[in-house]
2 protein chains.
Amino acid sequence: MPPSAQRLAWISGFTGSWGLAAVFRDRAVVFVDGRYVLQVREQVDLNVFTPVHAHETPPPEWLEANLKKGERLGYDPWLHTESGIEQLRAAATKAGAELVACAGNPLDTVWEGRPPAPQAKVAVYDEAHAGETSASKRARIAEDMRKSHLDAAVIPLPESICWLFNVRGGDVPHTPFALSYAILHGNGEAEWFIDETKLTHEVRRHIGNAITVRAIADLGPALDKLGAAKARVGLDPAHAAAWMFARAKAAGANIVRAPDPCLLPKACKNNVELQGIREAHVRDGAALSRFLCWLAKEGPTGDLTEIDTVKRLEDFRHETGALKDVSFESISGAGPNGAIIHYRVSEKTNRPVRSGELFLIDSGAQYEDGTTDVTRTIAIGTPSAEQRRNFTLVLKGHIALAMARFPEGTTGVQLDTLARMALWNAGLDYDHGTGHGVGHYLSVHEGPQSISKRPDATPLKAGMVCSNEPGYYKAGEYGIRIENLIAVKPPEEIPGGERKMLSFETLTLAPIDLALVEPGLLSPEERDWLNAYHARVRAALDPRIDAATRPWLTEATRAI
Amino acid sequence: MPPSAQRLAWISGFTGSWGLAAVFRDRAVVFVDGRYVLQVREQVDLNVFTPVHAHETPPPEWLEANLKKGERLGYDPWLHTESGIEQLRAAATKAGAELVACAGNPLDTVWEGRPPAPQAKVAVYDEAHAGETSASKRARIAEDMRKSHLDAAVIPLPESICWLFNVRGGDVPHTPFALSYAILHGNGEAEWFIDETKLTHEVRRHIGNAITVRAIADLGPALDKLGAAKARVGLDPAHAAAWMFARAKAAGANIVRAPDPCLLPKACKNNVELQGIREAHVRDGAALSRFLCWLAKEGPTGDLTEIDTVKRLEDFRHETGALKDVSFESISGAGPNGAIIHYRVSEKTNRPVRSGELFLIDSGAQYEDGTTDVTRTIAIGTPSAEQRRNFTLVLKGHIALAMARFPEGTTGVQLDTLARMALWNAGLDYDHGTGHGVGHYLSVHEGPQSISKRPDATPLKAGMVCSNEPGYYKAGEYGIRIENLIAVKPPEEIPGGERKMLSFETLTLAPIDLALVEPGLLSPEERDWLNAYHARVRAALDPRIDAATRPWLTEATRAI
């Protein structure tokens, strides 16, 4: 989110990555999730805002219990999805209150010194990286749309638009997309609603005549036109703004609730994308290995802090010459900070890396050929038996998922358990998902697939990239997470079998700290997996690292 | 379903356990599922009925494609659930046709010689078996209802009513329920809509004053009364007839779509029920072991047929002196018949049990203290290496589920994969669920829980009884299934762990054929489980079997 859109921070002071405020004449609340219950109390004026834990009391539940009969609660229909508003509206109705769309956002009229909207130039994204022309993508999605009898579909997500048009932007940190909207028509032509100043001549040449550039203000009239033609228009209630539904409906369009049609095709990477992602992981693994080698030497001195490690790792990635950005703010947690799942180091919390503690670093890079996301947990000095046991249980889950074979149609919730069984068996668990989708030089979190406890109707398909990141967190002591990215391989014949099975290719290449592995807890198959993985890491990275790192890498990837 | 309700068989000749017919002036179709595609073609007049495979073309899809604009399709609103009709109606509307509820069933007016409706006497079900009085059950469900602001709830399922009122019936084979409906009120009082001639004085004394007996024809007026009072009435769209929704709505009731409120409490067996179920399984396991011992001797002679085995097993169960009924028609499949998942032997298909083949028998019993359901696969003579491998893969899945530990909130879909992993890894799978819920001296299939690939929002809770029945089927050759019933144990502390975990208690007690186990494919933990299970089987059954069976049982349950 660009600074110009950070309205919650402006009105409340709260800067977390998710939040929602409701301001009344006589009271105000700010909803935050479990990550931010402490932070919010430090950032907001508690005389004005009452923090509410959104997992304990979700906003609809709070509205139902706290809206007064006859109250009218306004909302900015550009800032809420249709699904979100439907839930809030149902709750308001139960309370005898009313939810009212505002014509403009009241904050914007009084926000002095509001930063300007970002205007980063859009760049052409080479077909050499994308592996498919925009025309081809548009043609095949338009064909899907015609099969669903859609005349047009609104593309609400900037990631989808960048993928569809083969462009990238720079409007926000860490995710190279351009804020914009689009409408794709059943003939494969498109309208792109974007601040024109972002478009260079090169981009205009690239997009050609089949994509018409319009101002964002023209989106309303475009929906009106579809309405006047009684068009069947696909709109994604989970991602499109409530405003779009209201406008299309008012215009008389025949709205078909359907997912953003780019979501699934974008998630299934083609072979060119996968090849780029593999190369990005070799490059990134070499940088990470140089970092881990450096950490092995410098960590035990006690002279490093969490911030030092983040800087040094970013330096190594810069030295590849290919780093565009980090893919998210690194999570660098020493000792007990590693147990805070979404920890972000600040000057205030910055902690030295100390011998005798575990150190967890979750980081990633944006390269033009791929996006990475990797977590390693490192023993600084000698780990305890308990730490070795728990790390090995997490590793067993990681390996079980990495080795899984499964038939077509299998969803993430069916595989999530594999990553947890060893922990569950020991009376342990972790309170986050096992895997999220990852974009291709786009968002490090993308749908529609996921691997988690939550029911999920999206089957895993060949070419999807996910994280594999089980963990264990001992509050106040240490955190463990082992994260590699994995790609779904096409169905393969199994010797002696009858049905083709999907499986995963592990993409991330970096040593897993053997000082934390208790070999006696691994089955022969698990040990074979770990040794084969390390042999692959060594073979792939050895040509890409410096002489100083080489002996360390050889040792770090030895067979056990 | 009693013979008086077998309208599909009467009009079409098709006798499968699931089906649906649509009859037009100029055409007629009968929908069947994969089990019955061959059978239906033998049973119906193909000049009149066109069979449709309901998995390939579900009825709503067929209606959308085949109803003609303006056609009016009637249905009997007593024979379809509200959810079912909503789907059919949406499809009909898309086709420009109309779905119309008929006032009476047109078949009934022309069905000559229709069997009378069953009038089996209802019996009191002892509190010694039920473990809780009906008054207590009604009080706690009424409290749940008040929390959901329900004034009343329709109980559409006969199983739920029998459980709630602590009675059992005999209207249909194999499932001891009494066909009836009920309304439970928020004060714990109930109305029971049932043919009064089924009720003995004893039952009337048992139900007392808080349960008012009414004729089934009085259900409509009772709904009208709730409507007139503007009551909030719980109705289960998945189980209640569309008729009930229509009547309650017309009467002005405030319909709350909610599951049958007995479903979850009935599924979570109390300690008295569980103790009864355990005793039923010792009794049943002894009978089954006598059968398996007999089969070990007689099977290889080649003189037995599938029907002989079914009769002999039922005899052994009768000899316990406690058998009320079998809990379903036994599946007794020799050789290739074992590969037909829902095989029911008939005189026509009856096959000899032959040496060199596998024999699969899936059967169960109704005892007053519990319902059983067990499958064993037996090698007649010497099995092949492939059969041993595949049996062992199925066994690995069975053991993985039996040994699982999992946190509260875990659903069946999260555990289903455990039963399949060994097969998936070998390129194999089975096309049925891994586990269904099982009632307590009621239906052998009950919800709401299940263990299958299908997304499912019902967490497994302490006291739920499920089957654990992975399998493998080689068409034309043999079938393998290993089925035990399992009960969810309450959450327990794990030494060295932090979170309590649920787990399963295996209830079924009968040897698993060691001739089919390839010990080299089992992990040490799996082998330990098998040996411990067999030791438990031996200890529990030894006092309950005859001297002739004892040496066989000792050998069949030896440690490997």
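Scroll up a little and you will see the structure.
Structural notes, computed from the coordinates. (Residues numbered from 1 in each chain as written. Chains lettered and ligands numbered in written order. Predicted model: local features only at pLDDT ≥ 70, side-chain atom pairs only at ≥ 80, totals over all residues. Heavy atoms only, no water.)

## Observations concerning the pairing of strand β19 (residues 374–380) of chain B
Residues and elements named next belong to chain B.
Now for step 1: Along β19, 7 of the 7 residues are buried, which leaves the element largely enclosed by surrounding structure.
Now for step 2: Where burial is concerned, the two faces of β19 agree: the one with Val374, Arg376, Ile378 and Ile380 and the one with Thr375, Thr377 and Ala379 are both buried.
Now for step 3: Of the strand pairs in this sheet, strand β16 (residues 357–363) and β19 are connected by 7 bridges, and their pairing is antiparallel. Across the sheet, the residue bridging to Ile361 is Arg376, located in β19. (Buried < 20%, exposed > 50% of the residue type's maximum accessible area, 1.4 Å probe, protein only. Helix = DSSP H or I, 4+ residues; strand = E, 2+ residues; numbered from the N terminus. Pairing = 2+ DSSP bridges.)

## Section: a nonpolar patch on the surface
Now for step 1: On the surface, Trp10, Ile11, Val23 and Val110 of chain A cluster together to form a nonpolar patch covering roughly 340 Å² of accessible area.
Now for step 2: Checked against the element boundaries, Ile11 of chain A lands in helix α1 (residues 7–12). (Patch = residues over 30% accessible without salt bridge, like charges linked within 9 Å, V, L, I, M, F, W, Y side chains within 5 Å. Areas by Shrake-Rupley, 256 points an atom, 1.4 Å probe, with all protein chains shown as cover. Salt bridge = Lys/Arg side-chain N within 4 Å of Asp/Glu carboxyl O.)

## Here's the deal with the relation of the copies chain B and chain A
Relating one copy of the chain to the other takes a rotation about an axis and a shift parallel to that axis.
Now for step 1: Each copy superposes on the other: chain B lies on chain A with an RMSD of 0.0 Å after a rotation of 180° and an axial shift of 0.0 Å. Here the copies are linked by what is in effect a two-fold axis. Taking C-alpha positions as reference, the residue of chain B nearest the rotation axis is Gln414 of chain B, located at 2.6 Å.
Now for step 2: Comparing interface residues between copies, 100% of those in chain B also sit at the interface in chain A, which points to an isologous, same-surface contact. (Least-squares fit on C-alpha atoms with pLDDT ≥ 70 in both. Contact = heavy atoms within 4.5 Å.)

## Some details on the interface of chain B and chain A
Now for step 1: Taken residue by residue, the interface counts 29 residues in chain B and 29 residues in chain A.
Now for step 2: Summed over both partners, the interface of chain B with chain A buries about 2,500 Å², with 51% contributed by carbon and sulfur atoms.
Now for step 3: Three residues, Gln414, Trp424 and Arg499 of chain B, lead the burial of chain B against chain A; their summed loss comes to 24% of the area buried on that side.
Now for step 4: Here chain B is connected to chain A by 2 salt bridges.
Now for step 5: Residues Asp431 of chain B and Arg499 of chain A are paired through a salt bridge, measuring 2.9 Å at the closest nitrogen-oxygen approach.
Now for step 6: Seen at the junction of chain B and chain A, the total is 14 residue pairs in polar contact (both at pLDDT 80 or more). (Buried area = accessible area lost by both parts, 1.4 Å probe. Polar contact = N/O pair within 3.5 Å; in protein donor to acceptor, adjacent residues only side chain to side chain.)

## What to know about helix α16 (residues 412–425) of chain B
All names here are of chain B.
Now for step 1: The end-to-end C-alpha separation of α16 is 21 Å, in line with the 20 Å expected for 14 residues at 1.5 Å each.
Now for step 2: Along α16, the sharpest kink reaches roughly 45°, centred on Ala419.
Now for step 3: Counted residue by residue, α16 has 13 buried out of 14 residues, so it is predominantly covered. (Expected span 1.5 Å × (residues − 1). Bend = angle between axes of the 7 residues up to and from the residue.)

## What about the sheet that holds strand β19 (residues 374–380) of chain A?
All names here are of chain A.
Now for step 1: With antiparallel pairing, 3 strands are arranged side by side in an open sheet as β15-β16-β19. Single-partner strands in this sheet number two, and they are β15 (331–334) and β19. Direction aside, the axes of adjacent strands within the sheet are offset by 10° on average.
Now for step 2: This element, helix α13 (residues 271–298), spans β16 (357–363) and β19 of the sheet and lies at about 15° to β19. (Axes fitted to C-alpha atoms, helices over the stretch in contact; angles between N-to-C directions.)

## Brief notes about the packing of aromatic side chains
Ring pairs (aromatic) are described by centroid distance and by the angle formed between their planes.
Residue and element names in this part refer to chain B.
Now for step 1: Enumeration according to the criterion identifies 24 aromatic pairs over all chains in this entry.
Now for step 2: Ring plane angle 80° and centroid distance 5.5 Å describe the contact between Phe14 and Tyr36, whose orientation is recorded as edge-to-face. With Phe14 in the loop between α1 (7–12) and β1 (20–23) and Tyr36 in the loop between β2 (28–32) and α2 (37–43), this residue pair connects regions lying 22 residues apart in the sequence. Of the two residues, Phe14 and Tyr36, neither departs from the other in class, the shared state being buried.
Now for step 3: We note Arg312 situated over the ring of Trp294; from NZ or CZ to the ring centre the distance is 5.8 Å. (Phe/Tyr/Trp six-rings, centres within 6.5 Å; stacked < 30°, edge-to-face > 60°. Lys NZ or Arg CZ within 6 Å of the ring centre and 35° of its normal.)

## Remarks on the packing of helix α3 (residues 59–66) of chain A against helix α4 (residues 82–94) of chain A
Residue and element names in this part refer to chain A.
Now for step 1: It is the contact of α3 with α4, at a shortest axis distance of 7 Å, that shows an interaxial angle of 20°. Classified by the angle their axes make, α3 and α4 are roughly parallel. Relative to α4, the crossing made by α3 is right-handed. Here Pro59, Pro60, Leu63 and Glu64 of α3 come into contact with α4, specifically with Gln87, Leu88, Ala91 and Lys94.
Now for step 2: Taken together, the residues that form the contact of α3 with α4 break down as 5 nonpolar, 1 polar and 2 charged. (Parallel < 35°, antiparallel > 145°, perpendicular 65-115°, else oblique. Left-handed = near helix turned anticlockwise from the far one by under 90°. Nonpolar A, V, L, I, M, F, W, Y, C, P; charged D, E, K, R; others polar.)

## Some points on the packing of helix α15 (residues 385–403) of chain A against helix α16 (residues 412–425) of chain A
All names here are of chain A.
Now for step 1: Across the interface, α15 lies against α16 with an axial gap of 7 Å and an inter-helix angle of 155°. With respect to their mutual orientation, α15 and α16 come out roughly antiparallel. The element α15 and its partner α16 pack so that their crossing is right-handed. Along the contact surface, α15 presents Leu393, Val394, Lys396, Gly397, Ala400 and Leu401, while α16 presents Leu415, Leu418, Ala419, Ala422 and Leu423.
Now for step 2: A per-class count over the contact of α15 with α16 returns 9 nonpolar, 1 polar and 1 charged.

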